[in-house]
Amino acid sequence: MELFTNQVLAGIATGAIYACMALAVVMIYQAIDHLNFAQGEMAMFSTFIAWQLMQWGVPYWGAFLLTLVFSFAGGIVIERLLFKPLAKAPILTNVAGFIALYAIINSSAGLIWDFTIKQFPTPFGSSPFLGSQLISTHQAGMIGVTLVLLVLLFIFFRFTRMGLAMRAAASLPESARLVGINTSWMIALGWGMAAAIGSIAGMMIAPVVFLEPNMMLGVLIYGFAAAVLGGLTSPFGAVIGGFLVGIFENLAGTYIPGVGNELKLPIALALIITVLVVKPAGLFGRPIVKRV
Amino acid sequence: MTLMLNVKDLRAYYGQVQALHGLEFGLNEGSLTTLLGANGAGKTTTLRAICNMVRTTGSIEFDGAAITGRSTENIVRLGIAHVPQGRGTFTTMTVEENLQLGSITRNDKAGILSDIERMYDHFPVLKQRHTQQAGTLSGGEQQMLAVARALMLRPRLMLLDEPSFGLAPLIVRDLFRILGKINREDKVTILVVEQNAQLALELADQAYVIETGRIVMSGSATEIANNEDVRKSYLGY
């Protein structure tokens, strides 16, 4: 029993990483109706920016804020330069765009900062949290940051007119224009926000997985799994999904013979497929009702 | 009477295909005008052209200022509301959020809230369903929601694309009665495109007939209703 509790706790700790990433995934999905495969790389690049700023002597929270601003602006620039021209293109063209972006950012980061692993500081320290060896203060802090982000996003989408306009622009661009919404800028704004949230995820994740250009590869897949499990339309679901994936991954590794550490990633992919087959809207996603 | 909308030599294209061939018409301020025509005559294209949702040449003036070439959202912000064919309901959002979206360009919070209440007076069924996902409404309810959403803009001109489409006759009567009321009481100029010519002519004070992208007849609704050709082609007697 103690093994079980420990594994669940450890799962929650890693789940916080996935939850954070899943939030960014859901954010971009709300804005553009696609999954952005370059999301993880964008987050990684932002984290390198933060690292570089700190190398230049900027204190942690200063670097954190500057990175947020940089990422927000960077997301908008990427949308304006790369994806605005593709706005009317078929989905596959967009997917190719995402993959290109993935490769470009990954290689650029490697070129600028090389592929050696770097330490990334945590603002929360790394002593055991409340005397537990399983969760560190950093992981507890990360869970806290994720939950705060979630609440802010919920308030933004649910109670602000800008949030409503963004949702409208994403779900039905033509109708959105007919009520006077500048849909093109709403999409750019969505990219900016997703990039900023991604940068927070990156800066929270980096102390755990260490900073290097490929750090987000596995994390993004878990993030997708979490978002799909929780429901791509629900930020709340994405966070819950993140924790569930973390727990599930740990339990599977412990109790299913032969899974171990090596087969954890396929477990995430199997989870994505299972959810899409059994409950496509996810646990908390709103199924779209249509009268026929 | 002042001319609110003045359309001259309007041509519209879908790729290589020309859909409008030099359309000319005007709407008087405060009027309720109907545009009649058969399938494919260019009615929907005319409305889409006004809101720059299709490639056009020619001139469209609103309140004496050219609006040609402006983006759709900027044209809407001038006070031109468009109820599109198929209603354009935000199906995943609630009825109330749909109404909120109609007023998204406005900043008067109190006015918006009182307007939502006014819409619930016009269309009581929307009040009953205000927390419901709009996609679950029936066709008639969605059409009412689309009209209400357009009114939330406090438009000066409202364009309606076949509001009667797919609705039961009783509901159509009801809807047209409300449109008449909006036109009289709120002084909203209305252009309604219809295949249901009889009902549209009863409601309207002005009428245009469009055939293959050209206006072929214009006059007061009574004149048009009494015209022999129109009676034979569109009214069926």
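Just so we're clear, the structure is a prediction, and the values are computed from it rather than from any experiment. (Residues numbered from 1 in each chain as written. Chains lettered and ligands numbered in written order. Predicted model: local features only at pLDDT ≥ 70, side-chain atom pairs only at ≥ 80, totals over all residues.)

Peer 1: Would you mind going over the overall build of chain B with me for this structure?
Peer 2: The helix and strand inventory of chain B stands at ten helices and ten strands. Expressed as lengths along the three principal axes of its C-alpha atoms, the size of chain B is roughly 45 × 40 × 35 Å. By the burial criterion, 47% of the 237 residues in chain B qualify as buried. Pairs at least 24 apart in sequence give 67% of the contacts found in chain B among residues at least 6 apart. (Helix = DSSP H or I, 4+ residues; strand = E, 2+ residues; numbered from the N terminus. Buried ≥ 20, exposed ≤ 12 C-beta atoms within 10 Å, placed from the backbone. Contact = placed C-beta atoms within 7 Å.)

Peer 1: Help me understand the overall build of chain A in this model?
Peer 2: From N to C terminus, chain A includes eleven helices and two strands. Mapped from its N terminus to its C terminus, chain A presents α and β elements in the order α-α-α-α-β-β-α-α-α-α-α-α-α. Compactness check: chain A gives a C-alpha radius of gyration of 19 Å against a globular reference of 19 Å for 292 residues, within 12% of the reference. Principal axes of the C-alpha set define a box for chain A whose edges measure 60 × 55 × 35 Å. Counting over 292 residues, chain A shows a buried share of 48%. At a minimum sequence separation of 6, the contacts of chain A that also span at least 24 residues come to 74%. (Rg over C-alpha atoms; globule rule 2.2 N^0.38 Å.)

Peer 1: When you look at unusual backbone geometry in this model, what are you seeing that I'm missing?
Peer 2: As a rule of thumb, non-glycine residues mostly have phi less than zero, and peptide bonds are mostly trans rather than cis. Residue and element names in this part refer to chain B. If you check the backbone angles, R87 has positive phi at about 75° while not being a glycine. By the element assignment, R87 lies in the loop between β6 (80-83) and α3 (95-102). Its identity is not glycine, yet K187 carries a phi of approximately 55°, on the positive side. The exposure class assigned to K187 is exposed, which follows from the 10 C-beta atoms found within 10 Å.

Peer 1: What is the right way to read the sheet that holds β6(B) from this model?
Peer 2: Within a sheet, neighbouring strands are paired by backbone hydrogen bonds and run either parallel or antiparallel to one another. All names here are of chain B. Pairing is mixed across the open sheet formed by six strands, whose spatial order is β6-β7-β8-β3-β9-β10. Of all the strands in the sheet, the pair left with one neighbour each is β6 and β10 (214-220). For this sheet the average axis-to-axis angle between neighbouring strands, irrespective of direction, equals 15°. Summarising the sheet, strand β3 (residues 32-36) and strand β9 (residues 206-211) pair through four bridges and their orientation is parallel. (Pairing = 2+ DSSP bridges. Axes fitted to C-alpha atoms, helices over the stretch in contact; angles between N-to-C directions.)

Peer 1: Looking at this structure, how should I read the pairing of β9(B)?
Peer 2: The side chains of a regular strand alternate, first on one face of the sheet and then on the other. All names here are of chain B. With five of its six residues buried, β9 lies for the most part within the structure. Relative to β10, β9 runs antiparallel, the two being bridged by six bridges. In the sheet register, Y208 faces β10, and the bridge partner there is S218. Adjacent in sequence and paired antiparallel, β9 and β10 are bridged by two residues, among which T212 carries a positive phi angle near 35°.

Peer 1: Even after reading the chapter, I still don't get the interface of chain A and chain B, so can you show me in this structure?
Peer 2: In many reports, interface size means the accessible area that the parts give up when they come together. Contacts between the two partners involve 19 residues from chain A and, on the opposite side, 21 residues from chain B. For the side of chain A that touches chain B, the leading source of residues is helix α6 (residues 161-171) of chain A, giving five residues. Of the residues belonging to the side of chain A that touches chain B, the class tally is nine nonpolar, four polar and six charged. (Nonpolar A, V, L, I, M, F, W, Y, C, P; charged D, E, K, R; others polar.)

Peer 1: Before we go on, may I ask you to explain the sheet that holds strand β2 (residues 17-28) of chain B in this structure?
Peer 2: Residue and element names in this part refer to chain B. The strand order across the open sheet formed by four strands is β2-β1-β4-β5, and the pairing between neighbours is antiparallel. Either end of the sheet is taken by a strand with one partner, and the two such strands are β2 and β5 (65-66). Contacting β1 (3-14), β2 and β4 (55-62), helix α1 (residues 43-50) runs over the sheet at an angle of about 70° to β2.

Peer 1: How should I be thinking about the pairing of strand β8 (residues 189-194) of chain B in this particular structure?
Peer 2: Residues and elements named next belong to chain B. Taken across its six residues, β8 has six buried, putting it largely inside the fold. The alternating pattern of β8 places T189, L191 and V193 on one face and I190, V192 and E194 on the opposite face, and all of these are buried. Relative to β8, β3 is paired through five bridges, and the arrangement is parallel. Residue pairing for β8: L32 is matched across the bridge by I190.

Peer 1: Looking at this structure, I do not really get the confidence of the model for chain B. What am I missing?
Peer 2: Confidence in the prediction of chain B, expressed as mean pLDDT, is 91, and 100% of residues score 70 or more. For this predicted complex, the interface confidence comes out at an ipTM of 0.89, alongside a pTM of 0.82. (pLDDT = per-residue confidence, 0-100.)

Peer 1: When you look at the packing of helix α1 (residues 2-32) of chain A against helix α10 (residues 235-255) of chain A in this model, what are you seeing that I'm missing?
Peer 2: A packed helix pair is summarised by two numbers, namely the angle formed by the two axes and the spacing between the axes. Residues and elements named next belong to chain A. Where α1 meets α10, the axes come as close as 6 Å, and the angle between the chain directions of the two elements is 140°. Taken together, the axis directions place α1 and α10 in an arrangement best described as oblique. In this structure, α1 crosses over α10, and the sense of that crossing is right-handed. (Parallel < 35°, antiparallel > 145°, perpendicular 65-115°, else oblique. Left-handed = near helix turned anticlockwise from the far one by under 90°.)

Peer 1: Teacher, can you tell me more about α6(A) here?
Peer 2: For an α-helix, 3.6 residues make a turn, and residues three or four places apart therefore share a direction. For α6(A), the set of buried residues is A:L164, A:A165, A:M166, A:R167, A:A168, A:A169 and A:A170. Check the buried side of α6(A) and you find it contacts α1, α5 (137-159), α7 (173-178) and α8 (183-209) of chain A together with α3 of chain B.

Peer 1: Got a minute to help me understand the environment of B:I112 in this structure?
Peer 2: Residues and elements named next belong to chain B. Among the structural elements, I112 can be located in helix α4 (residues 109-122). Remark: the alpha-carbon pair of I112 and M152, spanning 40 residues in sequence, is separated by 7.4 Å. Look past the residues within four positions of I112 in its chain and what remains in contact with it is S103 and R106.

Peer 1: Please explain the environment of B:I171 as it appears in this structure.
Peer 2: Residues and elements named next belong to chain B. Residue position: I171 is located in helix α7 (residues 169-185). For I171, a count of 17 C-beta atoms within 10 Å translates into the label partly exposed. Taking C-alpha positions, I171 is 9.6 Å from M144, a pair spaced 27 residues apart along the chain.

Peer 1: Can you walk me through the nonpolar core in this structure?
Peer 2: Side chains of a nonpolar character, in soluble globular proteins, are inclined to be buried together. Residue and element names in this part refer to chain A. In terms of nonpolar packing, the biggest core is built from 159 residues, with C20, A22 and L23 touching the most fellow members. When residues in this core are grouped by element, the largest group, 19 residues, is from α1. Apart from residues lying up to four places away in sequence, L23 is in contact with T146, L149, L150, L153, I197, P235, A238 and V239. (Core = buried A, V, L, I, M, F, W, Y, C linked by C-beta atoms within 7 Å.)

Peer 1: Which parts of the structure should I look at to understand the environment of A:R158?
Peer 2: Along the polypeptide, A:R158 turns up in helix α5. Once the C-alpha coordinates of A:R158 and A:G242 are considered, the two residues, 84 residues apart in sequence, prove to be 22 Å apart.

Peer 1: Looking at this structure, how should I read the packing of α5(A) against α8(A)?
Peer 2: All names here are of chain A. Axis separation between α5 and α8 bottoms out at 10 Å; the angle between their running directions is 170°. Overall, the two elements α5 and α8 adopt an arrangement that is roughly antiparallel. Residue-level inspection shows H138, M142, V145 and L149 of α5 in contact with α8, the latter providing I197, I200, M204 and P207. For the contact of α5 with α8, the residue count by class is seven nonpolar, one polar and no charged.

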